[in-house]
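These are the residues of each chain, in order.
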Amino acid sequence: MAAGSAADAQARFGHSVKGLLTEKVTSCGTDVIALTKQVLKGSRSAELLSQAARNMVMQEDAILHSEDSLRKMAIITTHLQYQQEAIQKNVEQSSNLQDQLRHLLK
């Protein structure tokens, strides 16, 4: 009977070890899944940061281009003002010349 009892104890020990091993494997599997999710989440975060950086660079280029366009428009506005002043002077001179011509033709 001692041999039977020892065999039973050994079988129970084997089942116990198998149960613990199964629990550990399940736990490790769960940990691997959790780790994989975190890695994917981190990868997605890096991807989003990269996209945000690219968008920021594109916006910066657009802002610089807009600034350059505004500077050019300011120069054009100044030139147009000079031309307007010149036209006004010519209109005044033309009016004076018309008056002088009328006076001469009388």
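Described in the following lines is the structure provided in the data block. (Residues numbered from 1 in each chain as written. Predicted model: local features only at pLDDT ≥ 70, side-chain atom pairs only at ≥ 80, totals over all residues. Heavy atoms only, no water.)

1. Overview of the overall build of the protein
Phase 1: For the protein, the count of helices and strands is one helix and zero strands.
Phase 2: The buried share of the protein, reckoned over its 106 residues, is 0%.
Phase 3: Just so you have it, the protein exposes about 9,800 Å², and 64% of that area is on carbon and sulfur atoms. (Helix = DSSP H or I, 4+ residues; strand = E, 2+ residues; numbered from the N terminus. Buried < 20%, exposed > 50% of the residue type's maximum accessible area, 1.4 Å probe, protein only. Areas by Shrake-Rupley, 256 points an atom, 1.4 Å probe, with all protein chains shown as cover.)

2. Observations concerning a nonpolar patch on the surface
Phase 1: Residues Leu-101, Leu-104 and Leu-105 make up a contiguous nonpolar surface patch of roughly 390 Å² in combined accessible area.
Phase 2: Secondary-structure assignment places Leu-105 in helix 1 (residues 2-105).
Phase 3: Its relative accessible area of 73% is what places Leu-105 among the exposed residues. (Patch = residues over 30% accessible without salt bridge, like charges linked within 9 Å, V, L, I, M, F, W, Y side chains within 5 Å. Salt bridge = Lys/Arg side-chain N within 4 Å of Asp/Glu carboxyl O.)

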